[in-house]
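A closer look at the structure
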Amino acid sequence: MVRLNVNGQVREIEADPGTPLLWALREQLGLTGTKYGCGVAQCGACTVHIDGAAVRACVMPLASVKEEQKIVTIEGLANGKPHPVQKAWVDLDVPQCGFCQSGMIMAAAALLKENPNPTDEDIRSEITNICRCGTYNRVLAGIKKAAVEGGAG
Amino acid sequence: MNKLFSQAPSPSRRGFLAGVAAVAGGASFGFHIPFADAAEPAFPDEVNAWVVVKPDDTVVIRIARSEMGQGTLTGLAQMVAEELECDWSKVTTEYPTPGENLKRKRVWGAMATGGSRGIRESHQYVREGGAAAREMLIAAAAKGWGVKPSECKAENSVITHAASGRSTTYGKVAAEAAKMEPPKEIRLKDPKDWGVIGKSLLRLDTKPKTDGSQVYGMDLSFPNMLNAAIKDCPVHGGTLKSVNSADAEKEPGVRGVVRVGDSGVAVVADTFWQAKLAADLLEIEWDPGKNGEVSSASLAEWLKEGLDAKEAFVGNKNGDAAKALGSAARVVEATYSYPLQNHACMEPMNATAIWTEDRCEVWTPTQNGEGALAATIAASGHDASKCDVHKVHLGGGFGRRGATHDWVTQVVEIAKKFPGRHVKLIWTREEDMIHGRFHPITQCRMRAALNDKGELTGMHMRISGQSIVAAIVPGRLAEDGKDPFVFQGLMASGKEFEIGYTIPNLLIDHAMRNPHLTPGFWRGVNTNPNAIYLECFMDELAHATGQDPLAFRLKLMENHPKHRAVLQAVADKIGWDKPAPKGIYRGLAQVMGFGAYVAGAAEVSVTDGELKVHRIVAATDPGYAVNPQQIEAQVEGSFVYGLSAALYGEMTVEKGRVVEENFNTYRVMKLAEMPKVESILMPSGGFWGGVGEPTIAVAAPAVLNAVFAATGKRVRNIPLKNTDLKQA
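Numbers given to residues run from 1 along each chain, matching the order in which its sequence is written. Going through the entries in the order they are written, you letter the chains from A and number the ligands from 1. It should be noted that, the model being predicted, local features are given only for residues of pLDDT at least 70 and side-chain atom pairs only at 80 or more, the latter also being counted only at that level, while totals for whole chains, interfaces and linings use all residues. Excluding hydrogens and water, the side-chain values take into account all heavy atoms of the structure.

A short note on the overall build of chain B
Regarding its fold elements, chain B presents 18 helices and 27 strands. In summary, chain B has a C-alpha radius of gyration of 27 Å against a globular reference of 27 Å for 728 residues, a match within 12%. Out of the 728 residues belonging to chain B, those deemed buried represent 63%. Residue pairs in contact within chain B that sit at least 24 positions apart in sequence constitute 76% of those at least 6 positions apart. Numbering of helices and strands starts at the N terminus; helices are DSSP runs of H or I of at least 4 residues and strands are runs of E of at least 2. Atoms considered for the radius of gyration are the C-alpha atoms alone. The globule rule reads 2.2 Å times the number of residues to the power 0.38. Exposure is judged per residue with a 1.4 Å probe applied to protein chains only, and the accessible area is read against the type maximum: over 50% gives exposed, under 20% gives buried, and values in between give partly exposed. For this analysis, residues touch if any pair of their heavy atoms sits within 4.5 Å.

Observations concerning the domain arrangement of chain A
Residue and element names in this part refer to chain A. Assigned domains of chain A: these are domain 1 (2-74) and domain 2 (84-148). Domain 1 puts 17 residues into the contact, and the matching count from domain 2 is 13 residues. A pairing counts as a salt bridge when a side-chain nitrogen of Lys or Arg comes within 4 Å of a carboxyl oxygen of Asp or Glu. The interface formed by domain 1 and domain 2 contains zero salt bridges. In protein, a polar contact means a hydrogen-donor-capable atom and an acceptor-capable atom, both N or O and within 3.5 Å, with residues adjacent in sequence counting only if both atoms are side-chain atoms; elsewhere, any N or O pair within 3.5 Å suffices. At the junction of domain 1 with domain 2, the criterion picks out six residue pairs in polar contact (both at pLDDT 80 or more). For the purposes of this description, domain bounds are those given by an automatic or database domain assignment.

Notes on the UniProt feature "domain: Aldehyde oxidase/xanthine dehydrogenase a/b hammerhead" (unreviewed entry) in chain B
UniProt positions are given in the numbering used here, feature names are shortened, and annotations may be inferred rather than shown by experiment. Taken from the UniProt record, the annotation "domain: Aldehyde oxidase/xanthine dehydrogenase a/b hammerhead" (unreviewed entry) applies to residues 211-290 of chain B. Secondary structure content for residues 211-290 of chain B is 16% helix and 39% strand, while the C-alpha to C-alpha distance between its ends is 49 Å.

Comments concerning the interface of chain B and chain A
In this assembly, 59 residues from chain B lie in contact with 46 residues from chain A. Across the interface of chain B and chain A, roughly 4300 Å² is buried in total on both sides, 57% from carbon and sulfur atoms. Buried area: the accessible area, evaluated with a 1.4 Å probe, that two parts lose upon being put together, summed over both parts. Broken down residue by residue, the surface that chain B buries against chain A is led by W273(B), M346(B) and L671(B), which jointly contribute 19%. On inspection of chain B and its partner chain A, the count reaches two salt bridges. Close ionic contact of R26(A) with D219(B) constitutes a salt bridge, the shortest N to O distance being 2.9 Å.

Some thoughts on the packing of helix α2 (residues 84-91) of chain A against helix α3 (residues 101-114) of chain A
Residue and element names in this part refer to chain A. Helix axes are fitted only over the stretch in contact, all axes being lines through C-alpha atoms; the angle between N-to-C directions runs from 0 to 180 degrees. Between α2 and α3, whose axes approach to 9 Å, the crossing angle comes to 130 degrees. The angle between the axes of α2 and α3 places the two elements in the oblique class. Considering how the two elements wind past one another, α2 and α3 form a crossing that is right-handed. Contacts between α2 and α3 involve V85, Q86 and W89 from the former and Q101, M104, I105, A108, A109 and L112 from the latter. By the definition adopted for this analysis, an angle is roughly parallel if under 35 degrees, roughly antiparallel if over 145, roughly perpendicular if from 65 to 115, and oblique otherwise. When the near helix sits turned anticlockwise from the far one by under a right angle, the crossing is termed left-handed; a clockwise turn instead gives a right-handed crossing.

Overview of the nonpolar core
Core analysis: the largest hydrophobic core is formed by 209 residues, its most contacted members being L21(A) and W89(A). Per-element accounting of this core gives the leading share, 11 residues, to helix α18 (residues 694-711) of chain B. Nonpolar cores are built from buried Ala, Val, Leu, Ile, Met, Phe, Trp, Tyr and Cys residues. Side-chain atoms within 4.5 Å join them into one set. Within the second largest apolar cluster, 48 residues are counted, among which are L84(B), W88(B), A142(B) and C152(B).

Structural notes on the domain arrangement of chain B
Residue and element names in this part refer to chain B. Here chain B is partitioned into domain 1 (43-199), domain 2 (217-289 + 343-434) and domain 3 (308-341 + 438-722). On the side of domain 3, 17 residues touch domain 1, which itself brings 20 residues to the contact. Carbon and sulfur atoms make up 58% of the area that domain 1 and domain 3 hide from each other, which totals about 1300 Å². Between domain 1 and domain 3 we count one salt bridge in total. In this structure, E496 and R120 form a salt bridge, with 2.9 Å as the shortest nitrogen-oxygen distance. Among the elements of the structure, α2 (72-84) and α4 (123-145) are those that each provide at least two residues to the side of domain 1 that touches domain 3. The element best represented in the side of domain 1 that touches domain 3 is α2, accounting for four residues.

A word on the UniProt feature "domain: [2Fe-2S]-binding" (unreviewed entry) in chain A
Taken from the UniProt record, the annotation "domain: [2Fe-2S]-binding" (unreviewed entry) applies to residues 73-144 of chain A. What you have in residues 73-144 of chain A is 53% helix and 0% strand, and the ends, taken at the C-alpha atoms, are 22 Å apart.

Comments concerning unusual backbone geometry
Trans is the common state for peptide bonds, and a negative phi is the common state for residues other than glycine. Residues and elements named next belong to chain B. The omega torsion across I718 and P719 is 0 degrees, close enough to zero to call that bond cis. Relative to the assigned elements, P719 resides in the segment after α18. Despite not being glycine, R106 has its phi angle at roughly 55 degrees, a positive value. For R106, the location among the structural elements is in the loop between α3 (98-103) and α4.

Things to note about the sheet that holds strand β11 (residues 264-269) of chain B
All names here are of chain B. Strands qualify as paired when DSSP identifies two bridges or more between them. Reading across the sheet, the seven strands line up as β10-β11-β8-β18-β15-β16-β17 and stay open at both edges, with mixed pairing between neighbours. Each edge of the open sheet carries a strand with a single partner, namely β10 (254-260) and β17 (387-391). With direction set aside, neighbouring strand axes in the sheet form an average angle of 20 degrees. In this sheet, β17 lies alongside strand β16 (residues 360-364) in parallel orientation, the contact comprising five bridges. Each residue of the ladder has a partner; that of W363, found in β17, is H390. Against the sheet, helix α10 (residues 369-380) makes contact with β15 (350-355), β16 and β17, and its axis sits at roughly 140 degrees relative to β17, the strand it touches most. Sheet strands touched by helix α11 (residues 406-415): β8 (226-232), β10, β11, β15, β16 and β18 (423-426). Its angle to β15, the strand with the most contacts, is close to 35 degrees.

Dropping the structure here:
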């Protein structure tokens, strides 16, 4: 039995402590917005926040997540109203297939929390998620737009 | 909404729960019984096959093609809505199932979504579907009022009879409209009167992709569902010799280890993670068959032999190239190569199946629902009437999820071992990479005859290598065995892939060499290598004869005004006639692909051997442009896909199998490398060209030509990462 604080709720999970957080979120908690893309922390589709920082959940075993640490997934990012990054994504039609976008949005939101007014260069160096459809320029524009509109959320 | 339809199936949907409950109770599949009863109309709430209007005026537009990010769902809905005269803010969409399409004599036409065909091949009948529904809605309102339909008008989902001042909404008359005779004649709007087509409307499917609620195939869940992980012989065509599953079977959650076909073995468990861990414990001995010693080097040798082979299929010919080359003042020759590459969709292949003695159903992200259905039928042992496929939103397709449905065959074979239970099969990224349907591998020898004025007097282009069609759809080969698709972008004429130059004494031919590594249609397909071969070689000829690469091309393009117009447009916008900023170098390319004319121009710098692409200008003439902002998104994305391939994309082969298994060895472009893209959309009207693919093909040659300008190094072997760009 593992206890996790996910999107503001304490959840009890029946899973081996070696199970990656990604699969516990998806299979035990039914939070499928967080995606599996590579399993080796390369693509970022599994990005979630742990205590506000972007983490690649596919290589994070449950055993290394403490009960008091606050996990936020894409499903819990909106706080009553859409997060400014989510709003910018909708306004600019950022996603194409959308499969990478949960991770992309979580990475963008974490970046803005750290750095509310990132330069293009900051964004280019900090956002390392893979998008095969090639939405990168709209991702960049979306982060800039969210920053203007209070991106720290 | 009819519960049979579900664009994004999820267990929360009433229809699916009903079906699942029926299965769990051992009964038949409740949610498909209606088709067995011919007396009941299957679709009581539709106006026609394309349009359902609900009492609250919600308009549901049926989409036959698959949405995989390219925006076709929104574009096709715009086409229907244009003629329907409905309130766009109330439009939603749904996918009919392939099984329904078959039952209704393919009322929705082809479902295959590839070759950038979604809009360009269905524009006529989807607009007619919208127009017919509009006429039926008007007729229903007119009947209710006792007036002539011709006196009524429809706009924004409201029907008005001006003479009597009456009005009603689509939702109020939809049920009556369904009973009206479809109009015998349909007149579509003149393009100049379009108000929805041509507008940069926002996509219909964005919001769920920003809050985690979009359901992809991988996300499906059903009560009591099992999960499967598979290992298939890494040498394509090889078989499973033996497997020791003792350790795997002891793992928690494991419900069984099953052989899949003659080449695979799957672990079925309560969760995917359990299945995956157990699968890693399988002790497998593969029989690679006769291809166990094939390597990248042996493939290269084989293809090289094809460059000089006597026998080759002729794709484009005029005059006498051999004679022109024999009598030329000067011959320029260069050999190029293009490797195997992986689609690497973000969402690995997956499907969920349930099989009973009576029925088999599959849920899967597919570019071709009917192809997935065919695979389901074949693997299930049932006839077509007992099978169906539910299409799920795709996490990328790029051609991988269209022509072959190997993962569907697998999941059905696994589900047969667990009758009455849903089984979800997910490929690991490693399985997905190993079992790619790769971009075909080719080499090409270009030989040009030049006269003493530096004019091109003849050319022989010999392509040697793999044919996608021969490997996976051999029925589409020409009678003599030729694969006409090999010549995409090089054809003498036609509405899709016409070469942009008039070259005297031209011969373009193909020596087919088919390695065992299965190829597939890979976004852009054969225009990708062909545009590199032709457009980089054109650049070589210009430099070899001391001519400007743009001017050299334009002289050969007099008879190709649309090719010429897009090339000229990018040259003008990038400032070709003015010097580039210091340290910046430029390159150009053009191609016609999938019915559209496209060109690209690049600005790059190379510092200490490090390439940086600063700026791209792209031009597209698709004839008609349905949603300009989405075309722009496709053009931008094409540079990511095309440049990922050109700079890094390579599946190497050792002992008959591919080496790269994940993104740590199969590098793709990230945001840090993304150049600014300026997109010129110049629809000239009168034809329908695709936009999802053609621009891929100009990305590489435009950048490679700029790299030559920057370094003097001609990169002829893709990917560029294998060439050291440092100055000697």
